[in-house]
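# Notes for the structure review
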Amino acid sequence: MDPRNPVVRLCAEGMRAETEGRDADARELFEQAWRTAADDYEACVAAHYLARHQPTPRETLHWNRECLDRANRVGDERVTGFYASLHLNLARAHRDLAEPEEARRHFALAAAHVNDAPQGPYADGLRFTIAEGLREDGAGEQAADGALGDLLTRWCARTDLRALGLVLPAYLGDLGTEEDRTRLATALHTLHATRWLPEEEHDALGRVIGSLTTAA
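First things first, this report covers the structure right here in the doc. (Residues numbered from 1 in each chain as written. Predicted model: local features only at pLDDT ≥ 70, side-chain atom pairs only at ≥ 80, totals over all residues. Heavy atoms only, no water.)

## Remarks on the overall build of the protein chain
Basically, it comes down to this: Note on conventions: DSSP H or I runs of at least 4 residues are helices, E runs of at least 2 residues are strands, and numbering of each starts at the N terminus. Only the protein chains shown count as covering a residue, and every accessible area follows the Shrake-Rupley method with a 1.4 Å probe. Only four residue types enter the tally: Lys and Arg on the positive side, Asp and Glu on the negative side, with His and both chain ends excluded. Charge placement uses NZ in Lys and CZ in Arg. For Asp and Glu, CG and CD serve respectively.
In terms of regular secondary structure, the protein chain is built from 12 helices and zero strands. Helices and strands appear in the protein chain in the N-to-C order α-α-α-α-α-α-α-α-α-α-α-α. Carbon and sulfur atoms form 50% of the exposed surface of the protein chain, whose accessible area is close to 11,300 Å². Of the charged side chains in the protein chain, 25 are positive and 37 negative, and the gap between their average positions amounts to 1 Å.

Below, the structure is given as structure tokens:
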């Protein structure tokens, strides 16, 4: 986004106010951005931030819908990278309103758009949050099973950073796709080949890898 754009500048000031704990100032800046918006792109940006400062889940949903509607009206490369976040926000809003079917639908749409987000820590954070939502709402078919969850619990308990560093990124970012299954299996194979783990865990990891291979 162009930092010289007046709406973007107001939203940046609002985010600064948020980080400083000045929520009332932040909301006023976002409302000013909405009033300043001169086209659908600027309205989309302002609505995204306004949705963060609504008093009820229903009003939060309204502004997230407004944001998505404006992005659809723009319909060009300026908003391509927005859609994963837009659908994620809608999924959360529907979940807060106890509307699980709509939440699942938007989590799945967020997953479908995640590769369009600018790559880096931002996209990684989106992927992890979407994957968590899919697991919680039962919308995904994550490859990781209970046995892997048990191993991860053990590694966390003893702070096994080597094992966690290899496996957690693939596990946390598993959206249930074939590509994600391959990424997770590769991480597990790599860990298995190092023979870092105690024998019992090494054998359990082998069984997890075997279950992934069978499922594929």
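## Overview of helix α3 (residues 40-50)
Our working rule: Burial classes follow relative accessibility: with a 1.4 Å probe on protein chains only, a residue under 20% of its type's maximum area counts as buried, one over 50% as exposed, and anything between as partly exposed. Any two residues whose heavy atoms approach within 4.5 Å are treated as being in contact.
The buried count for α3 comes to 10 of 11 residues, which makes it a mostly enclosed element. Three or more residues of α3 are buried, namely Tyr41, Glu42, Ala43, Cys44, Val45, Ala46, Ala47, His48, Tyr49 and Leu50. Looking at the buried positions of α3, the neighbouring elements they touch are α1 (6-19), α2 (23-36), α4 (57-74), α5 (77-80) and α6 (83-96).

## Focus on the nonpolar core
For the record, the criterion: Residues belong to one nonpolar core when they are buried, are Ala, Val, Leu, Ile, Met, Phe, Trp, Tyr or Cys, and are joined through side-chain atoms within 4.5 Å.
Counting residues in hydrophobic clusters, the biggest one holds 29 residues, and the most contacted among them are Cys11, Val45, Val79, Phe82 and Leu86. Listing elements by their share of this core, those giving two or more residues are α1, α2, α3, α4 and α6. Broken down by element, this core gets its largest block of residues, seven residues, from α3. When residues no more than four places from it in sequence are discounted, the contact partners of Leu86 are Cys67, Leu68 and Ala71.

## Notes on the environment of Val7
In this structure, Val7 sits in helix α1. Under the relative-accessibility criterion, Val7 is labelled buried at 0%. Considering only alpha carbons, one finds Val7 and Ala43, 36 residues apart in sequence, at a separation of 8.4 Å. With near-sequence residues (within four places) excluded, Val7 lies in contact with Ala33, Thr36, Ala37, Glu42, Val45 and Ala46.

## Considerations on the packing of aromatic side chains
Operational definition: To pair, rings of Phe, Tyr and Trp, with the six-membered ring standing in for Trp, must have centres within 6.5 Å; the planes then decide the type, stacked if under 30 degrees apart, edge-to-face if over 60, and tilted in the middle. Charge over a ring is defined by NZ of Lys or CZ of Arg lying within 6 Å of the ring centre and within 35 degrees of the ring normal.
Within the structure shown, the criterion is met by three aromatic pairs. Consider the rings of Phe30 and Tyr49, whose centres lie 5.3 Å apart with planes at 25°: the pair is stacked. Of this pair, Phe30 sits in helix α2 while Tyr49 sits in helix α3, placing them 19 residues apart in sequence. Tyr49 carries the same exposure label as Phe30, and that label is buried. Each ring, one from Tyr41 and one from Phe82, has its centre 6.2 Å from the other, and the planes form 25°; the classification is stacked. With Tyr41 in helix α3 and Phe82 in the loop between α5 and α6, the pair connects residues that are 41 residues apart, well separated along the chain. Directly above the ring of Trp196 sits Arg162, whose terminal nitrogen or CZ lies 4.3 Å from the centroid.

## Examining the pattern of salt bridges
We apply this condition: Salt-bridge detection follows one rule: a side-chain nitrogen of Lys or Arg within 4 Å of a carboxyl oxygen of Asp or Glu.
Applying the stated criterion across every chain yields a total of 20 salt bridges. Notably, a salt bridge pairs Glu20 with Arg22, separated by 2.7 Å at the nearest N-O pair. Residue classification places Glu20 among the partly exposed positions, given a relative accessible area of 49%. Note that Arg154 is salt-bridged to Glu201, the shortest N-O span being 3.8 Å. Remark: Glu201 occurs in helix α12 (residues 199-215) and Arg154 occurs in helix α9 (residues 146-157); sequence separation between them is 47 residues. Each of Asp40, Glu66, Asp69, Arg70 and Arg73 takes part in one network of salt bridges that share partners.

## Some remarks on unusual backbone geometry
A positive phi angle is found at Ala98, which is not glycine, with a value near 55°. Position of Ala98 among the secondary structure elements: in the loop between α6 and α7 (100-113). Phi is positive for Arg195, close to 55°, though the residue is something other than glycine. Position of Arg195 among the secondary structure elements: in the loop between α11 (178-194) and α12.

## Quick look at the side chain of Asn64
Looking at the secondary structure, you find Asn64 in helix α4. In this structure Asn64 comes out as buried when scored by relative accessible area, which is 6%. Those residues in contact with Asn64 that sit more than four places away from it in its chain are Ala51, Asn89, Leu90 and Ala93.

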